[in-house]
Structures are given as structure tokens and as C-alpha cells.
Amino acid sequence: MLRIGSPLQRIVWWSGWVVICGGMFSPLFRWRLRGWEKVPRDGNFFLLSNHTSAFDPVWISWPIARRCNYMASTALFRIPVLGNVISTWGAFPKAKFVKDAESMNTLTKLFNNDEIIVMFPEGERTWDGRTQAVLPGIGRLVKKLDSRVVAGRILTGHMFHPRWAVYPRWVPIRVEHELLEFPPDATVEQINAAITRAISIDVDSIKAPPLSFGVRLAEGLPDYLWACPQCFALRSLSVPRRDRNSVRCSSCSARWTLDVSCRMRGTTTTSVYRAHDLITGHFGERPRVGKDVLASVDQGRIALIPRGSKEPPQVLASGIVRLAEKALHVGSWSVPLAELRAVSVEIRNELWIYRGDQRLRLEPGTDSTLLWAHFLTKWVAQQTVKAR
């Protein structure tokens, strides 16, 4: 692992920029760029962008032709090989849901050395293209460091490889850059609002560019649409073997075919995000499907994730996973929901649960982790409201 900013790391970054991005990725991604010529050519600044795909760091930083440093989730550094690769490329870890002094020290040191810091202020990738709220700490950080801000909008990244999808599509990547300016007396709230406006995209107005295509477009969609948007039967959608571009419901026989713009045509005409909203709206703020709030269809397990990035998770319990109104149970193991402070879906759709300073990984058997993340998030929020 190379130290960020070291001479060798700089050589590696620039070599990768020229050889990989310029030689290999340009024909693959077919960039369409706008506003990149207004990006500062010297000095430090924050490069902030909406977060549509795992490829975003390349898409947003390649056009400006300057070496960048990337703040990334600690979950990425736990993956063998990948952790070393992204560290060599200039990424440094940031723990979610806690104050990470080491990460902030690294960021400040790089910024004071006139480096570019790339961050995704939504905090996580979008599932369906819609831009999420900017984390409140972003505005405070910009104001504290009196930083220039370049905002990026990745317009078609959610089509190239939706977060739920198994396979990428071949969609030209459209990227826009904009230099933001804030008055000296701008408040944190005003800064956050300006950043939100600058990185937001209107999913409905964006069409797939010409020469966009894909195969097996529906693979992975039943994990995101964990109930039928027509009859709301849980776990009922599947991808037929003979048509990997469609999903069908085993309960009501509804069927939809997906296109590269993530639009669904069939029994009804809708989009993936609207179908998801129909499902979550049907189940409401206190979702439940039985005596327990939710129960897995087969054996699952819960594991403790060590703080060290190289140590494997320690399995705490195995068995049927049950979510009740006040506790989560895995076999004979349980934890009160009031003790949980956050739920997060990480890379590879791993479901992490934060309990105090512990990080737990829940594996709900063959169930969609996104189904469990939704139900857990809602019920943990209910406990938080009660505690107030």
C-alpha cells in the first residue's frame, strides 16, 4: 500500500490516468462532458458529486486531468485486493455514522497540501438515480476550510450500472462540472442547499443516449423490488430463465420488461423507482407481514465485524432471523432495537447494523438484504421516536 501523496503514489496515479482511463475506459464509457474547462487548474478544492455507481470516482475526476484523492467507506477496504488497489489510487477510509478523527486529519493534511478531495456528499450510492439529501457535515467542512467547491453531476451513471443490477449496460456517460461560489457570510444551510441543487438530477427527464444497449437487464431487480408492485406479495418477483430482461410475479402473474433507462413496461407502465415507491408506500411507516414484523424463510446468521480491516467477521449466532417490534433475533441471539443506531447496505449488498461502537453484519439467508434493511430501518426509527 502506497502512502497518499508520495512520489511513487503520484506516478501510479498518473500512469493509471493515462493508460487505464485514457486508453481503456474512454472507448468503454464514451464520455460526454460539459463544464470541465471551468474547473480550477491549480490549488485545492472539494470535488463533490452525486453518487450513481461504483465507477463514479473515475467518471467525475478523469475529465479534470489532475491527481485526486478520494474519501471512501471503510467497507471497501475490507475487500481483499480492492482495498490495496483503491488505497494506491488515492482513496482513504471514512467510517460511517461516527466521528472519524483519523479520516478528518488525513483530509485536512491533503487539503493543506493543495490537493483535490473527491467526496460524495449523499453518503451512499443511489439505488435508482434519485439524488439524496446532502449530509449536514459537508457544509460545515466547506465553511471551516473556506474551500472552493466544484460540483459534479453524473447524468447517466444510474443507467450504466444500477446499484441493484448484476450486469452493467453500455450507456454513454454524461458528466457536467460546475464551479460553485459562496458569499463570505453564507450559512452552513445555504452551502448545503447550493450543493444539493448543483448535484441533483431529474431522473424522469434523462433519456438513454443513442447507441445505449444492455443484456440481462432485470438480473438483480427482485432484490430491490422485494414485493410485487401490483399485488404487493412479498418475495414474489423473479427473472424468467428465457427472458432475462423481464420480471414476473408468481402470485398475480403480472409481468414487466425492463429497458436501459430503468423503465418497466408490461402489466403497467412505470419506472423502477416508482415501482419501489409503490411497494414501500403500501407497507407504510410500521411495515409488518405477520406475528413477527418479519421472519426469514431459511437460516441466517449475525456476525461481528472487527475494527481491523484484515480480520474476518466473527459469527455470533445462526438460525431463523426474526424482527419483532422491540428486538432483532437470530436463533437464540437477540438485540433490542433501542440499542441500534443505524442500518446500512454496503458494497455487495452486505447489511451492516451499528450497535454502539460495534458493527454487525446480518445475513438473512436467501432473503433480499434490501428487504431486511427497509424493515429494520423503519422499526429502529420507531424506537428512536419512542425514546424521545
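So, here's what we can say about the structure. (Residues numbered from 1 in each chain as written. Predicted model: local features only at pLDDT ≥ 70, side-chain atom pairs only at ≥ 80, totals over all residues. Heavy atoms only, no water.)

Some remarks on the pattern of salt bridges
(1) Moving on: In the structure shown here, the tally under the stated rule is 21 salt bridges.
(2) Moving on: Close ionic contact of Arg265 with Asp259 constitutes a salt bridge, the shortest N to O distance being 2.6 Å.
(3) Moving on: Looking at Asp259, the relative accessible area reads 22%, which means it is partly exposed.
(4) Moving on: When the shortest N-O distance is used, the salt bridge between Lys378 and Glu285 registers 3.2 Å. With a gap of 93 residues between them, Lys378 in helix α10 (residues 369-387) and Glu285 in the loop between α9 (272-283) and β13 (294-305) connect regions that are remote in the sequence.
(5) Moving on: Overall, Lys378 belongs to the partly exposed group, its relative accessible area being 21%.
(6) Moving on: Residue class for Glu285 comes out exposed when judged on its relative accessible area of 52%. (Salt bridge = Lys/Arg side-chain N within 4 Å of Asp/Glu carboxyl O. Buried < 20%, exposed > 50% of the residue type's maximum accessible area, 1.4 Å probe, protein only. Helix = DSSP H or I, 4+ residues; strand = E, 2+ residues; numbered from the N terminus.)

Overview of the sheet that holds strand β10 (residues 255-258)
(1) Moving on: The sheet built from five strands is open, its strands ordered β8-β9-β10-β11-β12 with antiparallel pairing. Looking at the sheet topology across the chains shown, the edges are occupied by β8 (237-238) and β12 (269-271).
(2) Moving on: Here strand β9 (residues 246-249) runs beside β10; their pairing, made up of three bridges, is antiparallel. Across the sheet, the residue bridging to Ser246 is Thr257, located in β10.
(3) Moving on: In this fold α9 packs onto β10, β11 (263-266) and β12, with an angle of close to 90° to the strand it touches most, β12. (Pairing = 2+ DSSP bridges. Contact = heavy atoms within 4.5 Å. Axes fitted to C-alpha atoms, helices over the stretch in contact; angles between N-to-C directions.)

Remarks on the packing of aromatic side chains
(1) Moving on: Inspection of every chain in the model, using the stated rule, returns 14 aromatic pairs.
(2) Moving on: Taking 5.6 Å as the distance between ring centres and 85° as the angle between the ring planes, the aromatic pair formed by Phe55 and Phe160 counts as edge-to-face. With Phe55 in the loop between β2 (45-49) and α2 (56-61) and Phe160 in helix α6 (residues 157-160), this residue pair connects regions lying 105 residues apart in the sequence.
(3) Moving on: Under the relative-accessibility criterion, Phe55 is labelled partly exposed at 28%.
(4) Moving on: Centroid distance Phe160 to Trp170: 5.9 Å. Interplanar angle 80°. Geometry classified as edge-to-face. Taken together, the residues Phe160 in helix α6 and Trp170 in the loop between α6 and β7 (174-180) connect sequence positions ten residues apart.
(5) Moving on: Overall, the relative accessible area of 30% leaves Trp170 in the partly exposed class.
(6) Moving on: The structure contains a cluster of three or more aromatic residues connected by ring pairs, namely Phe29, Trp31, Phe55, Trp59, Trp62, Phe160 and Trp170. (Phe/Tyr/Trp six-rings, centres within 6.5 Å; stacked < 30°, edge-to-face > 60°.)

Some details on the side chain of Asp128
(1) Moving on: Checked against the element boundaries, Asp128 lands in the loop between β5 (116-119) and α5 (136-145).
(2) Moving on: Given the relative accessible area of 12%, Asp128 is considered buried.
(3) Moving on: Among the polar contacts listed, one links the side chain of Asp128 to the side chain of Tyr224, at a separation of 2.6 Å.
(4) Moving on: Not counting the four nearest positions on each side in its chain, Asp128 is found in contact with His158, Val203, Tyr224 and Tyr273. (Polar contact = N/O pair within 3.5 Å; in protein donor to acceptor, adjacent residues only side chain to side chain.)

Details of the packing of α5 against helix α7 (residues 188-199)
(1) Moving on: Following both chains from N to C, one finds α5 and α7 inclined at 110°, their axes separated by 8 Å at the closest point. By the angle class used here, α5 and α7 are roughly perpendicular. With respect to the hand of their crossing, α5 and α7 are arranged in right-handed fashion. Here α5 contributes Pro136, Ile138, Gly139, Arg140, Val142 and Lys143 to the contact with α7, which in turn contributes Val188, Ile191, Asn192 and Ile195.
(2) Moving on: The class makeup of the residues in the contact of α5 with α7 is six nonpolar, two polar and two charged. (Parallel < 35°, antiparallel > 145°, perpendicular 65-115°, else oblique. Left-handed = near helix turned anticlockwise from the far one by under 90°. Nonpolar A, V, L, I, M, F, W, Y, C, P; charged D, E, K, R; others polar.)

Considerations on the sheet that holds strand β15 (residues 327-330)
(1) Moving on: Ordered by their spatial adjacency, seven strands build an open sheet running β16-β15-β14-β13-β19-β18-β17, and the pairing between neighbours is antiparallel. The sheet is open, and its two borders are formed by β16 (333-336) and β17 (340-345), each paired with just one other strand. Here the average twist between neighbouring strands, direction ignored, is 30°.
(2) Moving on: In this structure, β13 lies alongside strand β14 (residues 314-323), joined through eight bridges in antiparallel fashion. Its bridge partner being in β14, Leu294 is matched across the sheet by Leu323.

Comments concerning the environment of Asp223
(1) Moving on: Looking at the secondary structure, you find Asp223 in helix α8 (residues 221-224).
(2) Moving on: A residue is classified by how much of its surface remains accessible, and Asp223, at 34% relative accessible area, is partly exposed.
(3) Moving on: Through-space distance from the C-alpha of Asp223 to that of Asp367 is 8.2 Å; in sequence the pair is 144 residues apart.
(4) Moving on: Every residue in contact with Asp223, bar those within four places of it in the chain, is listed here: Ser368 and Leu370.

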